[in-house]
Structure formats: structure tokens, C-alpha cells
Amino acid sequence: MGRYYRLSKSITEETAGEILREILEIEDVESAEFTEENTKILVKTEKDKYPEVMTRIVNIFSRVGSGCELSFAGFAY
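Report on the accompanying structure. (Residues numbered from 1 in each chain as written. Predicted model: local features only at pLDDT ≥ 70, side-chain atom pairs only at ≥ 80, totals over all residues. Heavy atoms only, no water.)

1. Describing the pairing of strand 3 (residues 40–44)
Thought 1: Counting buried positions over the 5 residues of strand 3 gives 4, a clear majority of the element.
Thought 2: Of the pairings in the sheet, the one linking strand 1 (residues 2–7) to strand 3 comprises 5 bridges and is antiparallel in character. By the bridge assignment, Y4 is partnered in strand 3 with L42.
Thought 3: Two strands pair when backbone bridges link them, and strand 2 (residues 31–35) and strand 3 are joined in this way by 5 bridges, in the antiparallel orientation. Bridge pairing in strand 3 places E33 opposite L42.
Thought 4: Connecting strand 2 to the antiparallel partner strand 3 that follows it, the hairpin turn spans 4 residues, and E36 within it adopts a positive phi of roughly 50 degrees. (Buried < 20%, exposed > 50% of the residue type's maximum accessible area, 1.4 Å probe, protein only. Helix = DSSP H or I, 4+ residues; strand = E, 2+ residues; numbered from the N terminus. Pairing = 2+ DSSP bridges.)

Shown next as C-alpha cells:
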């Protein structure tokens, strides 16, 4: 199962690439991809792993994306 998250601000392609690289290094992340011109990200992991995985991803966005925050935008089936 996947979940979409909306970004709080625009990020560059370079920043998106760095964020994605770090996210894909997280052991429990099955996949991650930006959608809608880098305004959303789709993250796939096991249902019970989302709290731990998303805590790390939120920190990556804040650090690499200069304060960029995420908000839940929906499920992907």
C-alpha cells in the first residue's frame, strides 16, 4: 500500500533528487517517487512501518528541503 503526501513548498529538481536518494536508503521503504511536478510524493512501505518511516522522511524533507513540510494527501492502492 502507498500513501501520498503533499509538499508545503516548491523544491528544485536537484533537491528532489537528493531527498529521493536519502529516502530510498531507508531500509523499510519499498519505493518512493515524486508526482505532479514535485508537489507530491508517493511512499510505499508495509502498513505497520509508516510511523517509523515517515518520521525519518519528514526529517529528511525538513533538512534537505530547507523547512519543507509534508501533509497526508491520500492512499494509493
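2. What about the pattern of salt bridges?
Thought 1: Considering all chains together, one arrives at 6 salt bridges under this definition.
Thought 2: Each of E18, R21, E22, E25 and R63 takes part in salt bridges that share partners, so that together they form one network. (Salt bridge = Lys/Arg side-chain N within 4 Å of Asp/Glu carboxyl O.)

3. Details of unusual backbone geometry
Thought 1: The phi angle at E36 is positive, at roughly 50 degrees, despite the residue not being glycine.
Thought 2: Relative to the assigned elements, E36 resides in the loop between strand 2 and strand 3.
Thought 3: The backbone of S66 shows a phi angle near 50 degrees, a positive value even though the residue is not glycine.
Thought 4: Relative to the elements of secondary structure, S66 occurs in the loop between helix 2 (50–64) and strand 4 (70–76).

4. Quick word on the nonpolar core
Thought 1: I23, I41, I57 and F61 are the most contacted members of the largest nonpolar core, which totals 21 residues.
Thought 2: Elements that contribute at least two residues to this core include exactly strand 1, helix 1 (13–24), strand 2, strand 3 and helix 2.
Thought 3: If we ignore the near neighbours within four places in the chain, the residues touching I57 are I23, I26, V29, V43 and L70. (Core = buried A, V, L, I, M, F, W, Y, C linked by side-chain atoms within 4.5 Å. Contact = heavy atoms within 4.5 Å.)

5. Topic: the side chain of T15
Thought 1: Positionally, T15 belongs in helix 1.
Thought 2: In this view, T15 contacts V64 and G65; residues no more than four positions away in its chain are not counted.

6. Considering the packing of aromatic side chains
Thought 1: What the rule picks out here adds up to 4 aromatic pairs.
Thought 2: A centroid spacing of 5.0 Å and a plane angle of 65 degrees characterise the contact between F72 and F75, whose relative ring orientation is edge-to-face.
Thought 3: F72 gets classed as partly exposed once you look at its relative accessible area, which sits at 44%.
Thought 4: Classification of F75 by relative accessible area gives partly exposed; the value is 41%.
Thought 5: In textbook terms, an aromatic cluster arises when at least three aromatic residues are bridged by ring pairs, as seen for Y5, F72, F75 and Y77.
Thought 6: The side chain of K40 reaches across the aromatic face of Y4, ending 5.7 Å from its centre. (Phe/Tyr/Trp six-rings, centres within 6.5 Å; stacked < 30°, edge-to-face > 60°. Lys NZ or Arg CZ within 6 Å of the ring centre and 35° of its normal.)

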